[in-house]
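Chain residues, written in single-letter form:
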Amino acid sequence: MKQLLTMLHREWMEWRKVVYIILGVFVGLTVLSTYWTYRAANKLEKKSFIIRSDGDTLSVESSIGWGGFEWNSSGEEHPDSLDLREKMRSKPGEFFNFLAWLLRGLMIGINLLVLSVSVFYLADALYKERADGSTFYYRSLPVTDFALLGAKFIFGYLGILVLSYLLSSVVALYLPLSMPGIFKEMLSEASLSLSQIRWGALFLDWGMFHIIQFIWLLPFAMYFLYISASVKGRPLLIGAGILILAVIAWQLIFGKIGFQNQIAVHLGFFSNIISEQWYNIPETLSSNAKIDLFGSFTGYLITLRTFVSLLIGGAFGWGTYYMYQRNIEVT
């Protein structure tokens, strides 16, 4: 355990600037989004948003420098001019649903952005040390290969998922605190509040989703770590290229008989389970109603997909250990 903790500290010292950059970008985007939220609230206060209807086209316009946008509203009747603030107040359930959608969208967006960092880290983790020869130094230390490889896996994969969960949870907690007063007023006028959301259930469900991600994405994590331990140059390009060629080859071989490409299906299944467990909020809400934003992800844990993911991830893990022990330096 002491060896593992030492190697984890080394990974932190080497990659802490990347973590600081991620946190800096996160804080910057949070501040920027807060600014635009309050600017939108100010426009609502001044009634500068106007809805106009012209036949089948409905447009939302701002009289103070935001322009407008349009969409098709065929089959619906709209007044020629209506204050958007009054429209929101007339349908508080829709407004509450929008805020809930925004909250979940931010959490999912942060998850995807932070996870992308893991690919770059894992592809470079072992290759970088082989390229500069430092792998020989670390292998000369009284540290087992399991401790060294385990530290890279924990820091670059498990640690990234933990960071994703923490940052998305911070956003979820920050949104109610940073909400402008006019939005809270529009909810309170209908006897509604964001406190009606089951926050504890939300964080538990979101944590379970990350556990499922950890298992189902394990083959890809170990694959890029294997590539990092094997190739003599451009590990990210080669790793991504092999995956793309595998997808194309699968389509050419099995596409004609309708056998789905399992690589694409496996990655796309995350959007499927999010859609399946995405709860829509009814337009009519009572003041004592408790709201779940997600359903339970627990049912996806004990499945054939989980077993296969662990099996393939373990195979790539053994391959990584084997290639690392060969100690192939980059020339």
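Located above this text is the structure these notes cover.
The following refers to the structure shown. Counting starts from 1 at the beginning of each chain's written sequence and moves along it residue by residue. Reporting in this predicted model follows two pLDDT cut-offs: at least 70 for local features of residues, and 80 or more for side-chain atom pairs to be given and counted; totals over whole chains, interfaces and linings ignore these cut-offs and use all residues. In computing side-chain values, all of the structure's heavy atoms are included and hydrogens and water are not.

1. Remarks on the overall build of the protein chain
When helices and strands are counted, the protein chain shows 11 helices and four strands. A simple rule labels every residue: compare its accessible area, found with a 1.4 Å probe on the protein chains alone, to the largest value its type can have, and call it buried under 20%, exposed over 50%, or partly exposed in between. Put simply, the protein chain has 331 residues, and 43% of those count as buried. Contacts were defined at the residue level, with two residues in contact if any of their heavy atoms lie within 4.5 Å. In the protein chain, 76% of the contacts between residues at least 6 apart in sequence involve partners at least 24 apart. By element, 66% of the accessible surface of the protein chain is carried by carbon and sulfur atoms, the whole surface being about 18100 Å². Each helix is a run of DSSP H or I of at least 4 residues and each strand a run of E of at least 2, with the numbering of both proceeding from the N terminus. Note on areas: these come from Shrake-Rupley sampling with a 1.4 Å probe, and a residue is covered only by the protein chains present in the view.

2. Focus on the packing of helix H7 (residues 199-216) against helix H10 (residues 262-276)
Between N-to-C directions, angles cover 0 to 180 degrees, with each direction set by a line fitted to C-alpha atoms, over the stretch in contact for helices. Remark: H7 packs on H10, axes separated minimally by 11 Å, with the N-to-C direction vectors making an angle of 165°. In terms of axis orientation, H7 runs roughly antiparallel to H10. For the element pair H7 and H10, the recorded crossing hand is right-handed. Residue-level inspection shows Trp206, Phe209, Ile212, Gln213 and Trp216 of H7 in contact with H10, the latter providing His266, Phe269, Phe270, Ile273 and Ile274. Angular relationships are summarised with four words: roughly parallel below 35 degrees, roughly antiparallel beyond 145, roughly perpendicular across 65 to 115, and oblique for the angles in between. Should the near helix be turned anticlockwise from the far one by less than a right angle, the crossing is left-handed, and should it be turned clockwise, the crossing is right-handed.

3. Let's talk about the pattern of salt bridges
Between side chains of opposite charge, pairing is possible as soon as their charged atoms come close. A side-chain nitrogen of Lys or Arg and a carboxyl oxygen of Asp or Glu constitute a salt bridge if their distance falls within 4 Å. One pass over the structure, following the stated rule, counts seven salt bridges. In this structure, the salt-bridge partner of Glu129 is Arg10, at a minimum N-O distance of 2.9 Å. Here Arg10 lies in helix H1 (residues 2-45) and Glu129 lies in helix H3 (residues 92-132), a separation of 119 residues in the sequence. Looking at Glu129, the relative accessible area reads 3%, which means it is buried. Bridged by salt links that share partners, the residues Arg10, Glu11, Glu14, Lys128, Glu129 and Lys152 form one connected network.

4. Quick look at unusual backbone geometry
A positive phi angle, close to 50°, is found at Arg234, a residue other than glycine. Along the chain, Arg234 falls in the loop between helix H8 (218-230) and helix H9 (235-254). With relative accessibility at 62%, the residue Arg234 sits in the exposed group.

5. Observations regarding helix H11 (residues 304-326)
Between the first and last residue of a helix there are one fewer steps than residues, each counted as 1.5 Å, and that sum is the expected span. Given a rise of 1.5 Å per residue, 23 residues ought to cover 33 Å, and the 33 Å separating the end C-alpha atoms of H11 matches this to within 8%. Of all the residues in H11, the buried ones are Thr306, Ser309, Gly313, Gly319, Thr320, Met323 and Tyr324.

6. Some remarks on helix H5 (residues 145-178)
The terminal C-alpha atoms of H5, which comprises 34 residues, lie 47 Å apart, in line with the 50 Å expected from a rise of 1.5 Å per residue. At Gly159, H5 is bent by approximately 35°, the largest bend along its length. Note on bend: at a given residue it equals the angle between the axes fitted to the 7 residues ending there and to the 7 starting there.

7. Structural notes on the side chain of Lys152
Note on placement: Lys152 falls in helix H5. Lys152 sits in the buried class, given a relative accessible area of 1%. Contacts of Lys152, omitting those with residues within four sequence positions, involve Arg10, Glu11, Tyr121, Leu122, Ala125, Leu126, Glu129 and Tyr157.

8. Brief notes about the packing of aromatic side chains
Note on aromatic pairs: the rings of Phe, Tyr and Trp (six-membered ring only in Trp) are paired at centre separations within 6.5 Å, and the planes decide the class, stacked below 30 degrees, edge-to-face beyond 60, tilted for the rest. Using the criterion set out here, one finds 22 aromatic pairs in the structure. On the numbers, 4.6 Å between centres and 10° between planes, the contact of Phe146 with Tyr321 is stacked. Taken as a pair, Phe146 in helix H5 and Tyr321 in helix H11 lie far apart in primary sequence, 175 residues in all. Measuring from centroid to centroid gives 5.7 Å for Trp216 and Phe270, while their planes differ by 55°, and the two rings are tilted. Of this pair, Trp216 sits in helix H7 while Phe270 sits in helix H10, and the two are 54 residues apart along the sequence. The same class applies to Trp216 and to Phe270, which are both buried.

9. Some details on the nonpolar core
It is characteristic of soluble globular proteins that their nonpolar side chains tend to be buried jointly. The nonpolar core is taken to be a set of buried Ala, Val, Leu, Ile, Met, Phe, Trp, Tyr and Cys residues, with the residues joined through side-chain atoms within 4.5 Å. Residues Phe96, Leu103, Ile274, Leu293 and Phe297 are the most contacted members of the largest nonpolar core, which totals 77 residues. Going through the elements one at a time, H1, H3, H5, helix H6 (181-188), H7, H8, H10 and H11 are the ones with two or more residues in this core. Sort the elements by how many residues they give to this core and H3 lands first, with 15 residues. Leaving out residues up to four positions away in the same chain, Leu103 has contacts with Ala172, Leu175, Ile197, Trp199, Leu202 and Leu293.

10. With respect to the environment of Leu202
Within the secondary structure, Leu202 is located in helix H7. Of the residues examined, Leu202 reaches a relative accessible area of 2% and is grouped as buried. Here the alpha-carbon distance between Leu202 and Ser296, two residues 94 residues apart in the chain, equals 9.5 Å. Leaving out residues up to four positions away in the same chain, Leu202 has contacts with Leu103, Met107, Leu293 and Phe294.

11. What about the environment of Asn97?
Locating Asn97 in the fold gives a position in helix H3. Given a relative accessible area of 23%, Asn97 falls into the partly exposed group. In this structure, the C-alpha to C-alpha distance between Asn97 and Pro282, residues 185 residues apart in sequence, is 7.9 Å. Discounting residues that sit within four places of it in the chain, Asn97 has contacts with Arg104, Asn280 and Ile281.

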